[in-house]
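# Examining the three-dimensional arrangement
Chain by chain, the residues run as shown.
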Amino acid sequence: MVLPHSMPLVPLPLSASVGDGRMPIGEATRITGDAAAAAQLIDAVAQRTGIRLPLPSDADRAADIHLRIDPGAAALEGYRLTIGDTAEIVGGDEAGLFYGVQSLLQLLRQDDEGWGVARAEIFDAPRFARRGVMLDVARHFFGVDDVKKFIDHISALKFNHLHLHLSDDQGWRIQIDSWPKLTELAASTAAGGAPGGFYTKDDYREIVAYAASRHMIVIPEIDLPGHTHAIGVAYPELVEAPVMNDGLISESKRLGQELPVAGEPYLGWGVGHSSVRIHDERTYDFVRDVVRELVEMTPGPYIHIGGDESLGTPQADFDHFVERATAIVFEEGRTPVAWHEVGAAADIAEGTIGQYWGKATPDGTHAAEAAHFVERGGALIMSTADKTYLDMKYAPDFPLGLTWAAIIDVRSAYEWEPTEVLDVPDEAILGVEAPLWSETTATIGEVEQLVFPRAAAQAEVAWSSRDAPERTWESFRERLGSMAPLWKAGGVDFHPADDVPWSER
Ligand code: TNX
């Protein structure tokens, strides 16, 4: 069934048809069924419209909106949404019900007669099981409330993984009891001299639980063996002296930033100068302790060990380190994830997941490194830099963001195919992750300007069937425009890109 552009849904559902007219939503609209989903729907409707629907109380009364789970009715994370005189959402599981509620909320619109939802029949399920966003809380730190708000608005786009980049040269952001100086000495600074911060274990658990209530898995990343200058501010004995490289020196000069100095906080953006000590057993005690404490507070199956841009680590040392670090993550009971450079090491632990951050037209070395994860029985997440990188500028004069990978307007972010970048079997591609590196974003509002609307493009690339007739830029830009009232009501500082027809209501 062809989806009319007037169907305001992002990402595009598997199938949808719209009938005539709408079902009004007002103070008397009754919700029954699954209590958790009902509570979330009531809160979201109140935030959007100011109308607080009554709590489900009397199960015998006819429902206007009925919410339930039936594994036979839809796929994992899928749902069926039927809106006529009354509405029903049936999730294939809890996540599916949550996504059905998100679609209902996208259909919820105000017209001259008040609030209502279009009559529709939607059947939906995701293309890729893995749909992620990364937030760099190391270059700039974002507190628990900011992260929760971020989770609200990315989970509404049906993203199901949140990768937190918890350490980098500029700061360490997570409490580790066995190495307490990390947060005592290496957390208070950030890029450009901004204040830092860190998550206590309780803060982190609160984020994990909140994400879980929105059906998102948190993936914690400790970036190793490079991007580790901050570790040396806390524990100088764990790291090597800074190693200068041409890029670091010229970038520092261009930006007027100091070069890194051993043991002192680093406030610039240069990369590739830091490394932990590879041939010292204390390093592996450190890695194991940190991984073990992360595992204790992370119910999700993954621990990310970084591995990018370790320019200051000799290749043989790098290989040795990542082979041991990936093994340690498995020994501690989780699956390691690593940036694609880690695929240079022959004996990475079998089953390690790689994260490709090269370009849509790959460099041969990057492609070979990524493919090695698959040869070792692992799989890949696609973070194609010139498509998915949320920290690239929309246009050369955009005030925030970087340009090294590309200038990425909304259309360019939308038009790419994750299975056509690398020469690996389609089944090896787990899905898509869109990273937000935070060198240029000091506040969550600035983060939002870069993330919204382009994260919505990656949501559709990851969720929607590639063959659907409406999986086109022309359809997407119109449906995307209809997200404006939801983002405004949620206080999201989205960038009103001028290639999108933003709607008022
Ligand atoms: C490259 S992408 C990095 C980060 C920077 C980012 C800026 C990757 C794995 N490493 O250290 O923040 O570029 O776009």
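Small disclaimer: the values here were computed from a predicted structure and weren't measured.

The helix and strand tally for the protein stands at 16 helices and 17 strands. The C-alpha atoms of the protein give 23 Å as radius of gyration, which agrees with the globular expectation for 505 residues (23 Å, within 12%). The principal-axis extents of the C-alpha atoms in the protein amount to approximately 70 × 45 × 40 Å. When the 505 residues of the protein are sorted by exposure, 60% land in the buried category. Counting contacts in the protein only where the partners sit at least 6 residues apart, residues at least 24 apart contribute 74% of the total.

Mapping Ser438 onto the fold places it in the loop between strand E17 (429–436) and helix H13 (444–451). From its side chain, Ser438 meets the backbone oxygen of Asp136 in a polar contact 2.7 Å long. For Ser438, the residues in contact, after removing those within four places along its chain, are Asp136, Arg139, His140 and Phe142.

The next subject is the pairing of strand E8 (residues 130–136). Of all seven residues that make up E8, seven are buried, and the element is covered over most of its length. Residue alternation in E8 divides its side chains into two sets, Arg130, Gly132, Met134 and Asp136 and Arg131, Val133 and Leu135, and both sets are buried. Handedness of the E8-helix H3 (residues 144–155)-strand E9 (residues 161–165) crossover: right-handed.

This part covers the sheet that holds strand E12 (residues 217–224). The eight strands lie next to each other as E8-E9-E12-E13-E14-E15-E16-E17, forming a closed barrel whose pairing is parallel. With strand direction ignored, the average angle separating the axes of adjacent strands in the sheet is 30°. Strand direction decides the pairing type here: strand E13 (residues 302–306) and strand E14 (residues 335–339), joined by three bridges, are parallel. When the sheet's bridge partners are listed, Tyr302 is paired in E14 with Thr335.

What follows concerns the site of the ligand. Taken together, the neighbourhood of the ligand is formed by 13 residues, with Arg139, Tyr389, Asp391, Trp404 and Glu439 sitting nearest. Here an oxygen atom of the ligand sits 2.6 Å away from a polar atom, N or O, in the side chain of Asp391. Side-chain polar atom of Trp404 to an oxygen atom of the ligand: 2.7 Å apart, as the coordinates give it. Coverage of the ligand by the protein amounts to 98% of the 360 Å² it exposes when considered alone. Across the shell around the ligand, the residue classes break down as seven nonpolar, one polar and five charged.

A few words on the environment of Phe150. Along the chain, the position of Phe150 falls in helix H3. Each C-alpha atom of the pair Phe150 and Gly445 lies 10.0 Å from the other, and the pair is 295 residues apart in sequence. In this structure, Phe150 is in contact with Val133, Leu135, Leu162, Val447 and Val451, ignoring residues within four places of it in sequence.

Further remarks concern the pattern of salt bridges. Under the criterion given, the structure shown has 29 salt bridges. A salt bridge links Asp43 to Arg52; the shortest N-O distance between them is 3.2 Å. Residue Arg466 pairs with Glu420 through a salt bridge whose shortest N-O separation is 2.7 Å. Remark: Glu420 occurs in the loop between helix H12 (410–414) and E17 and Arg466 occurs in the loop between helix H14 (454–463) and helix H15 (473–481); sequence separation between them is 46 residues. Each of Arg127, Glu417, Glu420 and Arg466 takes part in a single network of salt bridges with overlapping partners.

Turning our eyes to something else, we now look at the packing of H14 against H15. Contact geometry of H14 with H15 gives a least axis separation of 11 Å together with a crossing angle of 125°. Classed by the angle they form, the pair H14 and H15 counts as oblique. Considering how the two elements wind past one another, H14 and H15 form a crossing that is right-handed. Contacts between H14 and H15 involve Ala456, Ala457 and Glu460 on the former and, on the latter, Phe476, Arg479 and Leu480. Residues of the contact of H14 with H15, tallied by class, amount to four nonpolar, no polar and two charged.

Here we come to the nonpolar core. Trp172, Ile174 and Tyr199 are the most contacted members of the largest nonpolar core, which has 116 residues in total. Examining the composition of this core, we find that eight residues originate from one element, helix H8 (residues 281–297), more than from any other. Ala38, Ile42, Ile65 and Phe98 belong to the second largest nonpolar core, which has 34 residues in total.

Taken domain by domain, the protein holds domain 1 (4–124) and domain 2 (130–467). Here the C-alpha centroids of domain 1 and domain 2 sit 36 Å apart. Across the contact, 15 residues belong to domain 1 and 16 residues belong to domain 2. Taking both partners together, domain 1 and domain 2 bury about 1400 Å²; carbon and sulfur atoms supply 55% of that area.

With that settled, consider the packing of aromatic side chains. Going through the model one piece at a time under the given rule, you end up with 19 aromatic pairs. With centroids separated by 5.8 Å and ring planes inclined at 40°, the aromatic side chains of Tyr284 and Phe321 adopt a geometry described as tilted. Here Phe321 lies in helix H9 (residues 315–331) and Tyr284 lies in helix H8, a separation of 37 residues in the sequence. By relative accessible area, which is 3% here, Tyr284 ends up buried. A relative accessible area of 0% places Phe321 in the buried class. The ring of Trp463 has Lys158 lying over it, and the distance from NZ or CZ to the ring centre is 5.8 Å. A cation over an aromatic ring shows up here: Arg324 above the ring of Tyr284, its NZ or CZ 3.8 Å from the ring centre.

Right, let's get into unusual backbone geometry. Of note, the amide linkage connecting Val10 to Pro11 takes the cis form, showing an omega dihedral of 0°. On the secondary structure map, Pro11 appears in the segment before strand E1 (15–24). Following Leu224, the chain continues to Pro225 via a peptide bond in cis, the omega torsion being -10°. Position of Pro225 among the secondary structure elements: in the loop between E12 and helix H6 (229–234). Positioned with a positive phi, His215 is a non-glycine residue whose angle comes to about 60°. Within the secondary structure layout, His215 lies in the loop between helix H5 (201–213) and E12.

What counts and how
- Residues numbered from 1 in each chain as written.
- Predicted model: local features only at pLDDT ≥ 70, side-chain atom pairs only at ≥ 80, totals over all residues.
- Heavy atoms only, no water.
- Helix = DSSP H or I, 4+ residues; strand = E, 2+ residues; numbered from the N terminus.
- Rg over C-alpha atoms; globule rule 2.2 N^0.38 Å.
- Buried < 20%, exposed > 50% of the residue type's maximum accessible area, 1.4 Å probe, protein only.
- Contact = heavy atoms within 4.5 Å.
- Polar contact = N/O pair within 3.5 Å; in protein donor to acceptor, adjacent residues only side chain to side chain.
- Right-handed = clockwise from strand over helix to strand, strands pointing away.
- Pairing = 2+ DSSP bridges.
- Axes fitted to C-alpha atoms, helices over the stretch in contact; angles between N-to-C directions.
- Near = heavy atom within 4 Å.
- Areas by Shrake-Rupley, 256 points an atom, 1.4 Å probe, with all protein chains shown as cover.
- Nonpolar A, V, L, I, M, F, W, Y, C, P; charged D, E, K, R; others polar.
- Salt bridge = Lys/Arg side-chain N within 4 Å of Asp/Glu carboxyl O.
- Parallel < 35°, antiparallel > 145°, perpendicular 65-115°, else oblique.
- Left-handed = near helix turned anticlockwise from the far one by under 90°.
- Core = buried A, V, L, I, M, F, W, Y, C linked by side-chain atoms within 4.5 Å.
- Domains from an automatic or database assignment.
- Buried area = accessible area lost by both parts, 1.4 Å probe.
- Phe/Tyr/Trp six-rings, centres within 6.5 Å; stacked < 30°, edge-to-face > 60°.
- Lys NZ or Arg CZ within 6 Å of the ring centre and 35° of its normal.

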